[in-house]
Amino acid sequence: MPLISNQRLKLKSIPPLHADVEALMRFALTFDGYEHCGSFEACAEVANSRKHSTLSDLRTCLYFEQRRWHHFGDTPDDAALAYWRELIGKIRAKVQAGEKA
């Protein structure tokens, strides 16, 4: 998937809350949390603390969760999918509000 910067992110680019797992995974990969945070460790810190302050924080969390499950070699369980959908909802709200950070 090509990367989409926060500045170019539009509501139509964000999957709906009821989207299938593959759509959520594809969207997660439109942001590179490792690059944004500067390292795997910094990305993991944001994601594991579930920091949701900014659009970038939310996208970092979603990115890291996608990578986590990819490395597990499994599809996300119900609890993980609920969290992913929560992140998608918050990302949609930030974009709708015009937040670009």
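Described in the following lines is the structure provided in the data block.

What counts as what
Residues numbered from 1 in each chain as written. Predicted model: local features only at pLDDT ≥ 70, side-chain atom pairs only at ≥ 80, totals over all residues. Heavy atoms only, no water. Core = buried A, V, L, I, M, F, W, Y, C linked by side-chain atoms within 4.5 Å. Buried < 20%, exposed > 50% of the residue type's maximum accessible area, 1.4 Å probe, protein only. Helix = DSSP H or I, 4+ residues; strand = E, 2+ residues; numbered from the N terminus. Contact = heavy atoms within 4.5 Å. Patch = residues over 30% accessible without salt bridge, like charges linked within 9 Å, V, L, I, M, F, W, Y side chains within 5 Å. Areas by Shrake-Rupley, 256 points an atom, 1.4 Å probe, with all protein chains shown as cover. Salt bridge = Lys/Arg side-chain N within 4 Å of Asp/Glu carboxyl O. Lys, Arg positive; Asp, Glu negative; His and termini not counted. Charge placed at Lys NZ, Arg CZ, Asp CG, Glu CD. Expected span 1.5 Å × (residues − 1). Arc of directions from axis to C-beta. Axes fitted to C-alpha atoms, helices over the stretch in contact; angles between N-to-C directions. Parallel < 35°, antiparallel > 145°, perpendicular 65-115°, else oblique. Left-handed = near helix turned anticlockwise from the far one by under 90°.

### Focus on the nonpolar core
- In this structure, Leu9, Ile14, Phe27, Leu62, Trp84 and Ile91 are the most contacted members of the largest nonpolar core, which totals 24 residues.
- Listed by contribution, the elements that provide at least two residues to this core are helix H1 (21-28), helix H4 (55-72) and helix H5 (78-96).
- Broken down by element, the residue count for this core peaks at 8 residues, all from H5.
- The contacts of Leu62, once residues within four sequence positions are left out, are Phe27, Ala28, Trp84, Leu87, Ile88 and Ile91.
- Core analysis: the second largest hydrophobic core is formed by 5 residues, Ala44, Ala47, Tyr63 and Phe64 among them.

### Notes on a positive patch on the surface
- Taken together, Arg8, Lys10, Lys12 and Lys100 make up a surface patch of like positive charges.
- Tracing the backbone through its elements, the reader meets Lys100 in the segment after H5.
- Overall, the relative accessible area of 31% leaves Lys100 in the partly exposed class.

### Structural notes on H4
- End to end, H4 covers 26 Å across 18 residues, agreeing with the expected 26 Å (1.5 Å per residue, within 8%).
- With 14 of 18 residues buried, H4 lies mostly within the body of the structure.
- Just past H4, the residue Gly73 takes up positive phi, approximately 75 degrees.

### Describing helix H3 (residues 40-48)
- Along H3, the residues that are buried comprise Cys43, Ala44, Val46 and Ala47. All buried residues of H3 lie within an arc of 160 degrees about the axis, which places them on one face of the element. In H3, the exposed positions angled more than 90 degrees off the buried face are occupied by Glu41 and Glu45.
- At its buried positions, H3 is contacted by helix H2 (33-37) and H4.

### What to know about the packing of H1 against H5
- In the contact formed by H1 and H5, the axes pass within 11 Å of each other and the chain directions differ by 55 degrees. Taken together, H1 and H5 sit at an angle that is classed as oblique. Between H1 and H5 lies a crossing of left-handed hand. Each of Val21, Leu24, Met25 and Phe27 in H1 lies in contact with H5, whose residues at this interface are Leu81, Trp84, Arg85, Ile88 and Ile91.

Nothing here speaks to function; it is all geometry.
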